[in-house]
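Single-letter residue listing:
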Amino acid sequence: MPLEIIRNDITKVHADAIVNAANSSLLGGGGVDGAIHRAAGPELLAECRNLGGCKAGNAKMTKAYNLPAKYIIHTVGPVWYDGKRNEEKLLADCYRNALALAKDYNLESIAFPLISSGTFGYPKDRALKTAISVIGDFLLSNDMTVYLVVFDKISFTLSEKLFSSITQYIDDKYIEELPVDRYNQFEQRHIDFYPEEPMFSSREVLAPVIKRKRSLIDVVKNLDETFSQRLLRLIDEKGMTDSETYKKANIDRKLFSKIRKDIYYKPSKHTAIAFAIALGLNQDETKDLLLKAGFALSHSSKFDIIIQYFIDNGNYNIFEINGALFAFGQHLLGV
Ligand code: AR6
């Protein structure tokens, strides 16, 4: 998948390049820099001596010696003062320049640590936000697998505001959606016993459900569509291109062409949701698309409710959604 957020030691990551959060001398230091130099061996320092240092925001490349990666891209993040000294732009430059270098070398995969968020003191939630935003933008027009390697406790990485807003939504949702669950059970029972009879029910119970019903004609018309057919139809209807769609879904090109070619393709739930997000589908449309793959969004799963939170808030940025899913310890979208 194009952007994967993982917890790991970056020196262990198998990618074409790993990125080092260095200092301007490029001669080693603590944190991730120290770990990379130790694992790569002394030849790395010898090569670094010839690079003539590096300015904040810039990036330079070396071989990776004893590491599983092929290259190391050294970049120098900003030191955090108060957020008013160009820190955000410099941090964004680090990601942009490292990605540009990887692209120049035709690399297929790259792994980043959370640059500046250790010794240099950049608040981790902001560092993660900038990383996700720059990498996300890059991936919308480039094919590359990018790993964002987060080392510490996950709860530190999401902004307090977003974290509590999602937590609140999860709490509310469990209660608010209960009548719909009850209604669905009730409706099923009614259909089982009285398939010909129209169902009568109280307004309060029906209200949240009616909202979700689509016309019967639509349902019948699209009954025979497979997931793949529905997906392709939606892409057309939304006026999107294939590549725009799979990139916004954080799904790689190969998987997309598999789905395109095989009308009976059975996606995982995460893949199906990723497409719903890429297409900007509302709750009902998402529900319909998921049904085509045999899935539903339940009200008793944190993952499902987080997805609903973002759809309800009209935020369809898959990379931001994945940042939140990661912070809540959930499986990411796009696999
Ligand atoms: N793998 C992945 N992430 C790591 C690892 C690791 N092995 N080790 C630490 N981190 P830092 P900076 C995380 O301090 O803030 C050095 O001395 C860590 O938890 O390595 O850009 C340089 O020479 C943190 O979230 O880099 C510079 O002088 C993130 O990597 C200065 O520190 C970055 O922390 C650079 O400071």
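Being a predicted model, the structure only gives us computed values, none of them experimental. (Residues numbered from 1 in each chain as written. Predicted model: local features only at pLDDT ≥ 70, side-chain atom pairs only at ≥ 80, totals over all residues. Heavy atoms only, no water.)

## Considering the site of the ligand
- Near the ligand, the surroundings consist of 22 residues, among which Gly30, Val32, Asp33, Ser117 and Thr119 are the closest.
- One of the side-chain nitrogen or oxygen atoms of asparagine 23 is found 2.8 Å away from an oxygen atom of the ligand.
- Look at the ligand: alone it shows 690 Å² of surface, and the protein chains cover 91% of it.
- Elements represented by at least two residues in the shell around the ligand include exactly strand E2 (17-22) and helix H1 (31-40).
- Top element by residues in the shell around the ligand is H1. It accounts for 4 residues.
- When grouped by side-chain class, the residues that make up the shell around the ligand number 9 nonpolar, 9 polar and 4 charged. (Near = heavy atom within 4 Å. Polar contact = N/O pair within 3.5 Å; in protein donor to acceptor, adjacent residues only side chain to side chain. Areas by Shrake-Rupley, 256 points an atom, 1.4 Å probe, with all protein chains shown as cover. Helix = DSSP H or I, 4+ residues; strand = E, 2+ residues; numbered from the N terminus. Nonpolar A, V, L, I, M, F, W, Y, C, P; charged D, E, K, R; others polar.)

## Considering the pairing of strand E6 (residues 145-150)
- When you tally the buried positions in E6, you get 5 out of 6 residues, the bulk of the element.
- Examined bridge by bridge, strand E1 (residues 3-7) and E6 share 5 bridges and lie parallel to one another. Paired with isoleucine 6 across the bridge in E6 is valine 149.
- Examined bridge by bridge, strand E5 (residues 109-113) and E6 share 5 bridges and lie parallel to one another. The partner of isoleucine 110 across the bridge, within E6, is valine 146.
- Between the parallel pair E5 and E6, the chain is carried across by helix H4 (residues 124-139), and the sense of this crossover is right-handed. (Buried < 20%, exposed > 50% of the residue type's maximum accessible area, 1.4 Å probe, protein only. Pairing = 2+ DSSP bridges. Right-handed = clockwise from strand over helix to strand, strands pointing away.)

## Comments concerning the side chain of asparagine 322
- Its location among the elements puts asparagine 322 in helix H15 (residues 318-327).
- With relative accessibility at 1%, the residue asparagine 322 sits in the buried group.

## Here's the deal with H15
- Burial analysis of H15 places 9 of its 10 residues in the buried class, the great majority of the element.
- All of the buried residues along H15 are Ile318, Phe319, Ile321, Asn322, Gly323, Ala324, Leu325, Phe326 and Ala327.
- Between the side-chain oxygen at the start of H15 and the backbone nitrogen of phenylalanine 319 there is a gap of 2.9 Å, and the oxygen is on asparagine 317.
- Just past H15, the residue glycine 329 takes up positive phi, approximately 70 degrees.

## Focus: the packing of aromatic side chains
- Per the counting criterion, the structure on display carries 7 aromatic pairs.
- For the ring pair tyrosine 246 and phenylalanine 256, a centre distance of 5.5 Å and an interplane angle of 40 degrees mean the geometry is tilted. Here tyrosine 246 is found in helix H10 (residues 242-248), whereas its partner phenylalanine 256 is found in helix H11 (residues 253-261), with 10 residues between them in sequence. Considered together, tyrosine 246 and phenylalanine 256 belong to a single accessibility category, that of buried residues.
- Grouped by ring-pair contacts, the aromatic residues Phe227, Tyr246, Phe256 and Phe275 constitute a single cluster.
- It is arginine 85 that lies over the ring of tyrosine 81; its NZ or CZ is 4.7 Å from the centre. (Phe/Tyr/Trp six-rings, centres within 6.5 Å; stacked < 30°, edge-to-face > 60°. Lys NZ or Arg CZ within 6 Å of the ring centre and 35° of its normal.)

## Points about the sheet that holds E2
- Spatially, E1-E6-E5-E2-E4-E3 is the arrangement adopted by the 6 strands of the open sheet, whose pairing is mixed. Both edges of this open sheet fall to E1 and strand E3 (59-63), since each of them pairs with a single strand only. For this sheet, the mean inter-axis angle between neighbouring strands, taken without regard to orientation, is 25 degrees.
- Bridge analysis of E2 against strand E4 (residues 71-76) gives 6 bridges, and the strand direction is parallel. Bridging from a neighbouring strand, alanine 22 pairs with valine 76 of E4.
- Relative to the sheet, helix H2 (residues 42-49) contacts E3 and E4, its axis offset from that of E3 by approximately 135 degrees.
- Most of the contacts of H15 go to E1, to which it runs at about 15 degrees, and overall it touches E1 and E6. (Axes fitted to C-alpha atoms, helices over the stretch in contact; angles between N-to-C directions. Contact = heavy atoms within 4.5 Å.)

## Structural notes on the packing of helix H14 (residues 302-312) against H15
- Between H14 and H15, the shortest axis-to-axis distance is 11 Å and the interhelical angle comes to 145 degrees. As H14 packs across H15, the resulting crossing turns out to be right-handed. Here Phe303, Ile306, Ile307 and Phe310 of H14 lie close against H15, whose contacting residues are Glu320, Ile321, Ala324 and Leu325.
- Along the lines of polarity and charge, the residues of the contact of H14 with H15 split into 7 nonpolar, no polar and 1 charged. (Left-handed = near helix turned anticlockwise from the far one by under 90°.)

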